[in-house]
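# Residue-level structural notes
The chain contents come next:
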Amino acid sequence: MSAITGPIPFGVQDTAHGGGHAPGDNYLNHSRGIKSWLLTLDHKRIGLMYMIGILSAFALGGFFAISLRTVLWNPGPARGASAASANAYMDLYNHLFTLHGVVMVFLFIIPAVPAIFGNFVLPLMLGAKDVAFPRLNLLSFYLWCGGALFFSYVLLSGVMESAFGIKWPGGFGLDTGWTFYTPYSTSKAAGAVVPATLGAFILGFSSILTGLNFVATIHMLRPKGMSWFRMPLMLWALYATSIIQILATPVLAITLLLLAAERALGIGIFDPALGGDPVMYQHFFWFYSHPAVYIMVLPAMGVISELMVTFSRKHIFGYNFIAASSIAIALLGFLVWGHHMFVSGQSPLANAIFSLLTFAVAIPSAIKVFNWLATLYKGDIRLKTPMLYALGFVYLFTIGGLTGLFLGALSVDVHLTNTIFIVAHFHYVMMGSTLFAFLGGMYYWWPKMFGRMCNENWGRLAFLIILVGFNLTFFPQFIAGSLGMPRRYATYPIQFIGYHRSATFGAYIMATGLIIAGLNLLHGMLRGRKAPANPWGGSTLEWQTPSPPPHDNFSTTPGPVGDPYDLHGIVEDKKTGEWYRLPDAGKPRTGPAH
Amino acid sequence: MLRLNPGTLLGSSPWLPLRASTVAGEIDALFDFILWLSVFFLVLILVLMIVFVIKYRHREGHENEQEPGAGHSTALELTWTIIPTILVLIIYYFGFRGFLHVAVPPPNSYEITATGRMWNWQFTYPNGYTDGELHVPLGVPVRVILNSEDVIHSLFVPVFRVKKDVVPGRYNKMWFQATVPGIYEVECANYCGTGHSQMLSKAYVQSPEDFKTWLAEASDWTKNTSPIGEGEKLYRAKGCSQCHSIDGTRGTGPTWKDMFGAPVPLEGGGTAVADEDYVRESIEYPQAKIVSTFGPVSAMSSFKGTSSNDIFALTAFMKSISKYYTGDLESLRVVPRSGKLPLPAGAIQSGQLMTQPSSNDPQPTTKPAATRPAVPEPLSK
Amino acid sequence: MTDVAHSNAAVLAPDLAGHNHDPHLAHHFDTPDQQYQSGKLAMWVFLGTEILMFGGLFCAYAVYRHNHPEVFEFAHRYLDRTLGAVNTLVLIASSFTMAWAVRCSQLGLNKPLKILLALTFLGGVGFMGIKTIEYEAKWKHHVFVGSKNKYRNDSLKGVGKPVDSNTEFEEEGAEVEPPAENKLSAHKTAPGAEGKAEASHEAAAKRSDVGATTWGRGIVDPNAGTPDEAAIRPTYADPGGLAAGVVPGHHGEMHYADLTDAQRQHVYTFFSIYFMMTGLHGVHVLVGMALIAWIWLRARRNEFGPTFFTPVDLVGLYWHLVDLIWIFLFPLLYLIH
């Protein structure tokens, strides 16, 4: 480095090292044409393509959510409805909640943070040019598309059957619940179970290959100087997520294969009518699907750690504990699947062990929350839109986590399980937490992705609307559930009408907020103010490259690679709000955190 | 029918329904403990968060107050590791203890078998009587053996705080001891298809004497109901009504209105006359003759094992709502009293009804089980 | 500071650093070794996922075998040990040629490399050929998957199958018919054949009673085969549907006659597990063969040598895994007794 004194702006081209990028050349306009996108090996473009697909899936799943909440506005079909129309009413609901679950879980929330942010920022945070296997990365994306095609078949078969009476092979729609419990899914359901399971099977491989790629990237492409304990916490979270994807998804793959074979051929492994064991299916399924919950929430926690640091202007508190708790959650997450089956008739001993391990997972989650709080302490907090989402995350995740205590306690779980208390609990964790982190991440990295800023006021307004709508939707479900309202009920006793109407009303509010947030992002992408390289004053490496980054990510040497959260020397120009760094910024110094 | 008793709300969470079993108190106590603990931590975290955000917000002249650099405090980390650990261990212990009370029935419990099928419940009492509703004696431990005939269901009685999956191919059990007389909701808690939310029943908690009287009277329909009346009752109790309408509308299965005696077009061609034997066969082997447009596979599962008396009653009910039946209906409207059923001559062909004997009837003599058949030898050896 | 810049030299300055590089070196790696190590790491992790995928099947196998040892002992005799053993040898031999091929590629011996890859590919062909012969025999003898298996018994659907009928293999075409229909038609159309039809009907009814409860009249335990409710064991001690049967004190081979009715219900399970395991393994062999063909084509173009042999190495690892899985499958399925 040349001897510069005084503040240096971020993202300047360092011609001394031969960074040969023309000004204005970035990954978005580096090459043109649809083919240059569809066949791209650039992790940033792949991340954006994922984003388009995943957000479409989110819109679709949201449509189903709004529809099913609309069905639940009334406690049941109109009085005097014939048996046939009552059945149609209930079937409609059953299809809606199943499709909502399947689309949201497999197409949206599992890939959301790893596939979009993981792809986009992981190599940038490492100061690397790409992920370890760019072709494999593109293959993962197309596998995701392949899985989505199968789900499209399921949807269209339902539309064809119900609207035009045209039968497609395999059944129509999907009415099994996203868990595909046997023997209902294998012998009774009318839905297109085989296409749906094959779709999830293919998505599983997309997930495995992405995890594989990230693990290899983090192991092999870290720059010199970035030891494990100098990685940004987002990378720890993605690493933990990748471990789960690699270890759990193959089991789901074989389970779904067996399920499809059971449905198509009747192989009798899960179907009790053929001598099989349906509870074994549940063990297999939850061995994947419980860790999958952590696939959903761990990367979200990584995003929150980044946001907390940048917007508190303070080093993360307890780096080692947060990093270790990510790994602890990933590993413990493999040992708790049985808590989905406390009332299935497994032995009390198994229940006792699973319950204990379940409580063990609560500890690392609590550690994270307290460390984030301590990060706020004595900071210089800026309530930008991403930070609002981070604070919202802490609030919702705390409720989600605390209500988990009810469900981990065996005797209380017997009463609460399979009621809408569960629905509320996992929406607080999966939707409240992960979605808030996802939106926070969108607003945080959006300037990096597109080089333009979003409108802060609209962003904050949307956050408030979503927050209110979310709580109106799901908090009443805690009460209704503990009062004995079972989940997946198309019709319900009249005394629950207040809770259900509040939930439906809240869902509309939330949808409004999400639409505002989405329009704001879109507007920012097209018309927003030009973004500097480091609009938030972030300390991790991705902020050292211009926004949007050039094709090869970095035109100057990223670094120095020291403590990732050392904000010392990253200073704000009080007049313009631009961020600069002092020449000694980020130099490794003696300190406890590495 | 959930009855919230204001008295029980005192000192207890308004989040929970009436406590009507011996284990409910313990479960509710733990629920309340976790609830207040959660409220405490939620308020703590929220207050800290809001105070920090206000106090340390970015403003003119405000700087990061702490020396920048790594923030860390082993003492703090240990505090918020150890305190939650202790708390969750306490919750775990009481949860497990309560669960043992829920899981292990006392000896000599009164035993009722609950059978789930899409989409109704059947409760079989020790004398063999089956009813669509659950009646239990007050203050007596009741063990319920759970079995499913098709898919997984889950028996849930919120006021008793008990729930257990009903899994085909295995017997799960649950038990409870009711403490408050009343009529309560019984629900299916595991998604089981179209009618999942209609798979409801009632639990009647009666004094032991009332229970005994009820069971004795309910058990013998021939003493107090006509075949048609009983058929109508069975139509609802056994869940036929879930799929078969009696007003001519199309349900999951064909309507029963004007069905008996009419020619029925069959899936795959041909017709059959809906006579007594057709009805019996359709009940026992639903896949044998499937009405055209309801196939290719019937959604109905086999009701094999329905007693001949019950089939007779159901057939009588079908006759009463069919214009194609021209025979005598009067005798089917009379309470048999004798326990013997009026079998009108000619209405039932040569003992067809008897080919599926009830358990009390003598077994056919051609019983092949005496000799073990030869074994197919494996090929490779 | 300088070492960071050095490590990122290739990343940061492709135009300067890229020219004198190995053509196989991807632009985002610094050194061929880093690239090779990345590939190797990813392959090992991928093999781990493969093992976990088969792990699910091994788990199902372990559970059912633990619960029904005599069923497995009986049913495994349908498998041809000799063919299985030959297949094991074929795979081990092909694994050997594969390892040798990897070594040749590292030494730059291109001609032996091509020959050894071809031999390995032929090993795969041989394995799949023998597998086909085995499957065909299963098909012929009605112990295939789905409805092509005479031991399959749809107990909950009211369609019982007389698995203990005394017909020989030759007569089994007729046996595949659902007996419920046999019985009904026997009543209506062939009252003359009452005796035989009645017998098979009786057996069918008995069988289906075992699985489906006699509705409205007490409960029959499908596992214990007793109508005695008091005998129903606690579910957690002995999960229904997986209950361990009574192991008869025999010392010879397991015969069908030695199995209880409840055990006979699970004979079909063995075949399902057999076909799922060997079928999935077969798919892996096919994938391995495709990969070998692909690197054989690349070897023809002389692509491999001491500086670049990663694809051969990785395909070799994959092929060894396929071999290894078979080495577990063979004794577990063929050599039970």
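Below is a summary of the structure that appears in this document. (Residues numbered from 1 in each chain as written. Chains lettered and ligands numbered in written order. Predicted model: local features only at pLDDT ≥ 70, side-chain atom pairs only at ≥ 80, totals over all residues.)

Okay, the overall build of chain B next. Along its length, chain B carries eight helices and 12 strands. Of all 381 residues assigned to chain B, the portion counted as buried reaches 42%. Relative to all contacts within chain B whose residues are 6 or more apart in sequence, the contacts with residues 24 or more apart total 64%. (Helix = DSSP H or I, 4+ residues; strand = E, 2+ residues; numbered from the N terminus. Buried ≥ 20, exposed ≤ 12 C-beta atoms within 10 Å, placed from the backbone. Contact = placed C-beta atoms within 7 Å.)

Read across the open sheet, the three strands follow the order β1-β3-β2 (chain A); overall the sheet is antiparallel. Because the sheet does not close on itself, it has two edges, and the strands there are β1 (8-9) and β2 (570-572) of chain A. (Pairing = 2+ DSSP bridges.)

Residue and element names in this part refer to chain B. Judged by how many residues are buried, strand β8 (residues 172-177) sits mostly within the fold: six of six residues are covered. Burial of β8 is two-sided: the residues N172, M174 and F176 facing one way and the residues K173, W175 and Q177 facing the other way are all buried. Where strand β5 (residues 141-148) meets β8, six bridges bridge the pair, whose relative direction is antiparallel. Across the sheet, V142 pairs through a bridge with F176, a residue of β8.

Contacts between the two partners involve 83 residues from chain A and, on the opposite side, 80 residues from chain B. Sort the elements by how many residues they give to the side of chain A that touches chain B and helix α10 (residues 348-376) of chain A lands first, with 15 residues. Here the side of chain A that touches chain B is composed, by residue class, of 51 nonpolar, 22 polar and 10 charged. (Nonpolar A, V, L, I, M, F, W, Y, C, P; charged D, E, K, R; others polar.)

Note that the residue after A:T182, namely A:P183, is joined by a cis bond; omega there is -5°. In this structure, A:P183 sits in the loop between α4 (134-164) and α5 (184-188). Cis geometry marks the peptide bond from B:M118 to B:W119; its omega dihedral reads 0°. With respect to the element layout, B:W119 can be found in the loop between β1 (110-117) and β2 (120-124). In this model, A:F180 sits at a positive phi of 50°, which is unusual for a non-glycine residue. Its place among the elements puts A:F180 in the loop between α4 and α5. The phi dihedral of A:R313 is positive, around 55°, even though this residue is not glycine.

All names here are of chain B. End to end, helix α8 (residues 308-320) covers 18 Å across 13 residues, agreeing with the expected 18 Å (1.5 Å per residue, within 8%). The buried fraction of α8 is high, at 11 of 13 residues. Burial in α8 covers these residues: D310, I311, F312, A313, L314, T315, A316, F317, M318, K319 and S320. Among the structural elements, α6 (227-237) and α7 (276-284) are those in contact with the buried residues of α8. (Expected span 1.5 Å × (residues − 1).)

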